[in-house]
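Chain by chain, the residues run as shown.
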Amino acid sequence: MNTDSIRELLESEAFLRTKHYTQHGETSTYTHSLAVAYYSHKICKSMLRFGWKTDEDSLVRGALLHDFFLYDWHNRSEKHRFHGFNHPIRALSNAREFFPVNRSEERRVG
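Residues numbered from 1 in each chain as written. Predicted model: local features only at pLDDT ≥ 70, side-chain atom pairs only at ≥ 80, totals over all residues. Heavy atoms only, no water.

1. Section: the side chain of Arg61
So, point 1. Among the structural elements, Arg61 can be located in helix 4 (residues 56-65).
So, point 2. A polar contact is formed between the side chain of Arg61 and the backbone oxygen of Pro100, at a distance of 2.7 Å.
So, point 3. Here Arg61 is in contact with Ser5, Ile6, Leu9, Phe99, Pro100 and Glu105, once residues within four sequence places are set aside. (Helix = DSSP H or I, 4+ residues; strand = E, 2+ residues; numbered from the N terminus. Polar contact = N/O pair within 3.5 Å; in protein donor to acceptor, adjacent residues only side chain to side chain. Contact = heavy atoms within 4.5 Å.)

Below, the structure is given as structure tokens:
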């Protein structure tokens, strides 16, 4: 696994902003995304044991960026009125703006 590209994403100012947004209950979007990436990585490792090929880097980066929408959806606003339906599009747009995103990652983010 290319930990440099993942470390670069995790240490970026843009990704660190996700610490300021609540995702579920008291959980920040940052913590939520780390958990999704962690469990995705664990599943990926299990798949490799069965001989299934996976793109581990893209899976982890896509998991980290899947909720990279960068706003507090709990605050009422016309801009994120349909958050549940539109946030993947916003997350993908933001991911493309701040990071190089490959085709496989795009499918996982958006």
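2. Considering the packing of helix 1 (residues 3-11) against helix 4
So, point 1. Their axes nearest at 10 Å, the elements helix 1 and helix 4 cross at an angle of 10 degrees. When the axes of helix 1 and helix 4 are compared, the pair comes out roughly parallel. Listed contacts from helix 4 to Ser5, Ile6, Leu9 and Leu10 of helix 1 are Val60, Arg61, Leu64 and Leu65.
So, point 2. Looking at side-chain class alone, the contact of helix 1 with helix 4 contains six nonpolar, one polar and one charged residues. (Axes fitted to C-alpha atoms, helices over the stretch in contact; angles between N-to-C directions. Parallel < 35°, antiparallel > 145°, perpendicular 65-115°, else oblique. Nonpolar A, V, L, I, M, F, W, Y, C, P; charged D, E, K, R; others polar.)

3. Quick notes on the side chain of Ser58
So, point 1. Here Ser58 is to be found in helix 4.
So, point 2. At 2.7 Å, the side chain of Ser58 forms a polar contact with the side chain of Asp55.
So, point 3. Residue contacts for Ser58: discarding those within four places in its chain leaves Asn102, Ser104, Glu105 and Arg108.

4. Details of unusual backbone geometry
So, point 1. Positive phi is not limited to glycine here, since Leu70 has a value of about 60 degrees.
So, point 2. As for its placement among the helices and strands, Leu70 is situated in the loop between helix 4 and helix 5 (83-98).
So, point 3. According to the relative accessible area criterion, Leu70 is buried, its value standing at 11%. (Buried < 20%, exposed > 50% of the residue type's maximum accessible area, 1.4 Å probe, protein only.)

5. Section: the nonpolar core
In a soluble, globular protein the nonpolar side chains are often hidden away together inside.
So, point 1. With 19 residues, the main nonpolar core has Phe15, Leu64, Leu65, Phe68 and Phe99 as its most contacted residues.
So, point 2. Of all elements in the fold, only helix 1, helix 2 (13-16), helix 3 (29-49), helix 4 and helix 5 reach the threshold of two or more residues within this core.
So, point 3. Here this core gets four residues from one element, more than from any other, and that element is helix 4.
So, point 4. In this structure Leu64 touches Ile6, Leu9, Leu10, Phe15, Ser33, Leu34 and Ala37, once residues within four positions along its chain are discounted. (Core = buried A, V, L, I, M, F, W, Y, C linked by side-chain atoms within 4.5 Å.)

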